[in-house]
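Observations on the model geometry
One letter stands for each residue in the lines below.
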Amino acid sequence: MIVLTAATTGVRLLLSALSLTLAAQDQAPPASPDGGKPLESWAAESRPVALARTPGQVRIFDEDDIQRSGARTLGEFLLRELPSQVQNQGGPGLPSRSYLGGGRPQDTRVVVDGVPRMDPGRLGQDLNEVPLLGITRIEVITGAPGTGGRGGTIALFTGRPDKPGLSGDLGGLGGSQGQGQSTASPGFAWEGGYLNGGNLSAQEKQTTETDRPFRLVTNFLGLGQTWGSATWTLAWRGTFFGVPEPYQQVTETTRVYDAARESRQRSDAGQLRVDWNLAPGLRWETTLGLARYRHEQAPQGTSQPSPFEGRETRFQSALHWATGARSDLSLRLEGQEVRQDGDENPLILGSAKGRQLGLGVEWRFEPRPGLRLLGTAQGTRDRQSLLLGGADTEVLDASGHLLRLGLNQELAHGLRIYSALGGGRTAPTVLQQLRNSLAPAAAPLRMEQSTFIQIGLGWGQGNWHGRLESQQQTGKDLLAFNGQGYVNQDRVRVRGTEAAFGWRTAQKAGLEGFIRAQEARDLNAPAGQALSTLASQRRPFSSHGLKGYLGWSRVRAEVHYTLQGHQYAAAGDGEGGGARANGLPVTVRATQVVYRDVGMSTTVKAGKHWTFVLRGEHLLQPTTDAAAWVARAREGQNDASIIDGYPAAGPSYSAEARFRF
């Protein structure tokens, strides 16, 4: 363990020393590779902004990137694109959590068409419960210079018909591991409006044999219309997941396998949005969103699923005002109400609800050409209560805040340097409050506090680009599970440094490599245990990767390689439990294995309408079965798992055909 820590710490300190003078940017140069309009972020700030002007790192993935990957969910896609910052608990559909910027899953905000998505029944959004049907753009923003989460923001955008009249896609996929998938995404556009929708149905065998395969069915519908200076949009998305979870008991000494064990989720989410140009330089937008999540999931150690449900209502309104040639201002009013009924633990009865009202301002100012300042301030009022035995008992009534200040300086020769710092005070989740209802002697939960600092340098000139970035987050009064309930006790410091360098042309060829070093240190832990608590696990100390593509005529071949290094982790730990179902404490230990992944794809565009894609994924992973899992045959072997105790998806091959009309 000492050798592990010393080796990885050396890499981290080397990169951290460099990051004091340099830091990172986005993976793309300031202008698009074909020399067109500079790339813009739609989510880093309240208004669209060029990547070279915002004080943060923004990575953008377009529709072609998503389709070439073949990913059905956000978790599948980001596991490949953000290794070590996304951790997956095994095969298809099993939980996938974000540790963006080294933070916790609940510190990352997932946004769909401008509306934050956060299932009240989860401590952080499960990325594998976010389908990608109809999604044509993904932005990943580390450090979130605007009004994002403490760790960052993952923003998804739904596409619209790209030409008048009828258009859309039809597709089918088949492959190994029982893969089967069909998609249909028709749309119709007219002057000033559009109507589009889609359906995706898919299934795939679990990594080890189960009674039923992984199943996914998702539908979406979108409608938009412009009347005068106002644009109205209406959207709805409904999804069903059936996920085999045969790993009933996973501890240091015991493994229990149940081929019939599975979880199910149904969700519905809708939103109505109005964008209104009130006057030159003055724009108003407002959104109403509703979401419902219904789960059936068995807790660790049991086979029977428990039903529970979460609901959320959200209202957002913003006024954007261009106050001058070099400055503008955004005022925001937000309100949300969430409710959680029950939990995956059937012993937890009753409900929890929470209300939040927020008022914020975002100010953008360019004192001189090339220098840009961004300031954000937001205040919130939070109230939370428990509904137990017919009584409504208030458990929290407090104020929170978020403060951020960022600076971006464009330099000569395609360089830019940026930095950002800030802090916040945020409320516990209603799920944590509900789970604490089983611990009547638990002290009331206080607000969490955190600070962050980020510094970066980005470079892009011609076909070359590079980045180097470092960030640090420090938390106080962070919530942790002590075996009985949640308490404010942990102080955690998260550090991460990442560097990347690449070359690419518009379509012909490209190559990019990256290296990342990070750690989460529990500052409240006893001496020698700062890296081995639940608060600090799940961050591989180092990771690196290489990806490239080569295109000619109508063919494009792509390959990627990533390695996630050693980490501290625990087998069988839940989303936030500090003890297993048998009452034994979780043991967090250093895993002496690495996870390497190789995948490749070939895309062929045949004529105007047809596209064919051949894929091979997880080519280094060993195949396994239930008997080998119970016998721990792959225990301690490289590439066999990402999270200790859960076998990673094995090699798979698929062929997909798409017809665009």
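Residues numbered from 1 in each chain as written. Predicted model: local features only at pLDDT ≥ 70, side-chain atom pairs only at ≥ 80, totals over all residues. Heavy atoms only, no water.

Some points on the overall build of the protein
Keep this limit in mind: Helix numbering and strand numbering both begin at the N terminus, where a helix is a DSSP run of H or I of at least 4 residues and a strand a DSSP run of E of at least 2. Throughout, the radius of gyration refers to the C-alpha atoms, and the reference size of a globule is 2.2 Å times the residue count to the power 0.38. Under the scheme applied here, a residue whose accessible area is under 20% of the maximum for its type counts as buried, over 50% as exposed, and between as partly exposed, the area being computed with a 1.4 Å probe on protein chains only. Whether two residues are in contact is decided by their heavy atoms: any pair within 4.5 Å suffices. For the area figures, the Shrake-Rupley method with a 1.4 Å probe applies, and any residue is considered shielded solely by the protein chains shown.
The helix and strand inventory of the protein stands at five helices and 35 strands. Rg of the C-alpha trace for the protein: 24 Å, near the compact-globule value of 26 Å for 661 residues, within the 12% margin. Across its three principal directions, the C-alpha atoms of the protein cover 65 × 55 × 50 Å. Here the protein holds 661 residues, and 56% of them are scored as buried. Excluding contacts between residues fewer than 6 apart, the proportion of contacts in the protein whose partners are at least 24 apart in sequence is 64%. Approximately 26600 Å² of the protein is accessible, and the part contributed by carbon and sulfur atoms is 60%.

Let's talk about the pairing of strand β13 (residues 214–227)
Definition in use: Two strands qualify as a pair provided DSSP detects at least 2 bridges between them.
Two elements, strand β12 (residues 193–204) and β13, share 12 bridges in a ladder whose sense is antiparallel. Bridging from a neighbouring strand, S201 pairs with V217 of β13. Across 13 bridges, the pairing between β13 and strand β14 (residues 230–244) is antiparallel. Note on β14: the bridge partner recorded for R215 is G242. Counting the residues in the hairpin turn of β13 and β14 gives two residues, including G228, whose phi is positive at 60 degrees.

Concerning the packing of aromatic side chains
Applicable threshold: Only Phe, Tyr and Trp rings are paired, with Trp represented by its six-membered ring, and only when their centres lie within 6.5 Å; those with planes under 30 degrees apart are stacked, over 60 edge-to-face, the remainder tilted.
Using the criterion set out here, one finds 18 aromatic pairs in the structure. Summarising the aromatic geometry, the rings of W42 and F157 are spaced 5.2 Å apart at their centres and angled 85 degrees between planes, so their arrangement reads as edge-to-face. Within this pair, whereas W42 is found in the loop between β1 (40–41) and β2 (49–50), its partner F157 is found in strand β9 (residues 152–158), the two being separated by 115 residues in sequence. Residue W42 is classed as partly exposed on the basis of its relative accessible area of 42%.

Some details on unusual backbone geometry
Residue D113 is not a glycine yet carries a positive backbone phi of 50 degrees. Here D113 lies in the loop between β6 (108–112) and β7 (115–117).

Here we look at the pattern of salt bridges
How we decide: In the sections that follow, a salt bridge refers to a side-chain nitrogen of Lys or Arg positioned within 4 Å of a carboxyl oxygen of Asp or Glu.
Under the counting rule described, the total for this entry stands at 52 salt bridges. Here R292 and E309 are joined by a salt bridge, their closest N and O atoms 3.1 Å apart. Within this pair, whereas R292 is found in strand β18 (residues 282–297), its partner E309 is found in strand β19 (residues 306–324), the two being separated by 17 residues in sequence. Of the residues examined, R292 reaches a relative accessible area of 36% and is grouped as partly exposed. Residue classification places E309 among the buried residues on the basis of a relative accessible area of 16%. Where salt bridges share partners, they join D65, R68, R80, E81, K547, R556, E558 and E617 into one cluster.

Looking at the confidence of the model for the protein
Heads up, the rule is: pLDDT: the predictor's confidence for each residue, scored from 0 to 100.
With 91% of its residues at a pLDDT of at least 70, the protein reaches an overall mean of 90. Low confidence marks residues 1–35, where pLDDT is under 50. Its contacts with residues over four positions away, or in another chain, come to 87 contacts.

Side note on the nonpolar core
As a reminder of what qualifies: The criterion is simple. A nonpolar core is a set of buried Ala, Val, Leu, Ile, Met, Phe, Trp, Tyr and Cys residues joined through side-chain atoms within 4.5 Å.
One finds L74, F77, L78, L132, I138 and L156 to be the most contacted residues of the largest nonpolar core, which totals 22 residues. Contributing elements (two or more residues each) for this core: α3 (74–81), β8 (135–142) and β9. Those residues in contact with F77, other than ones at most four positions away along the chain, are F61, D65, I66, S69, A71, L132 and I138.

Side note on the sheet that holds strand β3 (residues 57–62)
What counts is decided by this rule: Interaxial angles span 0 to 180 degrees and are taken between N-to-C directions of axes, which are lines fitted to C-alpha atoms, for helices over the stretch in contact.
Taken in spatial order, the five strands of this open sheet run β3-β8-β9-β6-β7, and their pairing is mixed. Because the sheet does not close on itself, it has two edges, and the strands there are β3 and β7. Neighbour to neighbour, the strand axes of the sheet diverge by 25 degrees on average, direction disregarded. Two strands pair when backbone bridges link them, and β6 and β9 are joined in this way by five bridges, in the parallel orientation. Within the sheet, the bridge partner assigned to V112 lies in β9 and is L156.

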